[in-house]
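# Coordinate inspection notes
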Amino acid sequence: MTDATAETNPVAPPKGRRNSGLGRVIIAVYGIFALSASVRAGYQLASDFSAAPEPYLLSAFAAVVYIVATVALAVPGVRAWWTALVAVLIELVGVIAIGAYSFVAPEHFPESTVWSHFGEGYGYVPMVLPIIGLIWLLAHRPGAETGAHDTAVTGRD
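First things first, this report covers the structure right here in the doc. Since we're looking at a predicted model, the values are computed, not measured.

Let's shift gears to the side chain of Thr113. Mapped onto the secondary structure, Thr113 falls in the loop between helix 4 (78-104) and helix 5 (125-139). With a relative accessible area of 4%, Thr113 lands in the buried category. Within polar-contact distance, the side chain of Thr113 engages the backbone nitrogen of Trp115 at 3.1 Å. Among residues more than four places away in sequence, those in contact with Thr113 are Arg40, Pro55, Leu58, Ser59 and Ile98.

Written as structure tokens, this is what we have:
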């Protein structure tokens with residue numbers, strides 16, 4: 001789509017938006033993980049919390065992170081971009097830390113979490129997803145979407 005088409009077609013998303021094209025697929029995957037982690041955590045917490053409170057609470061925390069990331073990735077704007085960046089970074093740190101800790105101290109994980117064993121129970125997608133999310137976010141930084149960065153650097157419109 002050309003810039004002229006974007007100006008005459010208000011329904012078409014502007015070129016380079018992080019929530020269009022491949023961004024929609026990333027948002028959909030985050031949404032699926034938000035839903036699955038929420039349902040899993042809700043069931044675990046409601047059915048047998050005393051069996052494995054730490055893993056179940058970690059599953060709930062992961063669900064919240066996925067929900068925040070999904071919404072922030074879908075919403076345009078600088079604040080949403082920063083929120084998504086923080087959520088995805090927390091996700092990456094969480095999956096690495098919990099993944100490693102679940103191998104080092106398996107006695108603390110009588111039940112698995114979304115992030116235990118680096119997301120093994122989910123086909124390691126929880127380990128790969130934040131890396132893809134970070135790459136996508138960094139490629140679609142605020143200003144890079146509208147060309148504002150170029151204007152600020154060159155001083156021209």
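Right, picking up where we left off after that structure.
Turning our attention to a nonpolar patch on the surface. Side chains of Phe61, Val86 and Ile90 sit close together on the surface and give an oily, nonpolar patch of about 250 Å² of accessible area. Examined against the element boundaries, Ile90 turns out to sit in helix 4.

Before going further, it helps to examine helix 2 (residues 22-48). Here helix 2 spans 39 Å end to end across 27 residues, near enough to the 39 Å set by a 1.5 Å rise per residue. Among the residues making up helix 2, those that are buried are Gly23, Ile26, Ile27, Tyr30, Phe33, Ala34, Ala37, Ala41 and Gln44.

With that settled, the discussion passes to the side chain of Thr70. Tracing the sequence through the fold places Thr70 in helix 3 (residues 53-74). On the basis of relative accessible area, Thr70 is assigned to the buried category, the value being 14%. Separated by 3.1 Å, the side chain of Thr70 and the backbone oxygen of Tyr30 make a polar contact. Among the polar contacts made by the side chain of Thr70, one reaches the main-chain carbonyl oxygen of Tyr66 at a distance of 2.7 Å.

Of note in the backbone geometry, His117 takes a positive phi value of approximately 50 degrees without being a glycine. Its location among the elements puts His117 in the loop between helix 4 and helix 5. Judged by relative accessible area, His117 falls into the partly exposed class, the value being 25%. Of note, Tyr124 is a non-glycine position whose phi angle comes to about 65 degrees, a positive value. In this fold, Tyr124 is placed in the loop between helix 4 and helix 5. Take Tyr124: its relative accessible area is 40%, and that puts it in the partly exposed class.

The next subject is the nonpolar core. Ranked by size, the top nonpolar core spans 28 residues in total, and within it Tyr30, Tyr66, Leu73, Val88, Val114, Trp115 and Leu137 carry the most contacts. Among the elements of the structure, helix 2, helix 3, helix 4 and helix 5 are those that each provide at least two residues to this core. Per element, the largest residue contribution to this core is eight residues, and it comes from helix 4. The residues contacting Leu137, other than those within four sequence positions of it, are Arg18, Leu73, Trp81, Ala84, Leu85 and Val88.

Attention now moves to the packing of aromatic side chains. Per the counting criterion, the structure on display carries eight aromatic pairs. With a centroid separation of 6.1 Å and 85 degrees between ring planes, the pair formed by Phe61 and Trp115 is classed as edge-to-face. In this pair, Phe61 is assigned in helix 3 and Trp115 in the loop between helix 4 and helix 5, connecting sequence segments 54 residues apart. Using a relative accessible area of 42% as the deciding quantity, one classes Phe61 as partly exposed. Accessibility expressed as a relative area gives 2% for Trp115, which makes it buried. Joined through ring pairs, the aromatic side chains of Tyr30, Phe33, Phe61, Tyr66, Trp115 and Tyr122 make up one cluster.

Rules and cut-offs
Residues numbered from 1 in each chain as written. Predicted model: local features only at pLDDT ≥ 70, side-chain atom pairs only at ≥ 80, totals over all residues. Heavy atoms only, no water. Helix = DSSP H or I, 4+ residues; strand = E, 2+ residues; numbered from the N terminus. Buried < 20%, exposed > 50% of the residue type's maximum accessible area, 1.4 Å probe, protein only. Polar contact = N/O pair within 3.5 Å; in protein donor to acceptor, adjacent residues only side chain to side chain. Contact = heavy atoms within 4.5 Å. Patch = residues over 30% accessible without salt bridge, like charges linked within 9 Å, V, L, I, M, F, W, Y side chains within 5 Å. Areas by Shrake-Rupley, 256 points an atom, 1.4 Å probe, with all protein chains shown as cover. Salt bridge = Lys/Arg side-chain N within 4 Å of Asp/Glu carboxyl O. Expected span 1.5 Å × (residues − 1). Core = buried A, V, L, I, M, F, W, Y, C linked by side-chain atoms within 4.5 Å. Phe/Tyr/Trp six-rings, centres within 6.5 Å; stacked < 30°, edge-to-face > 60°.

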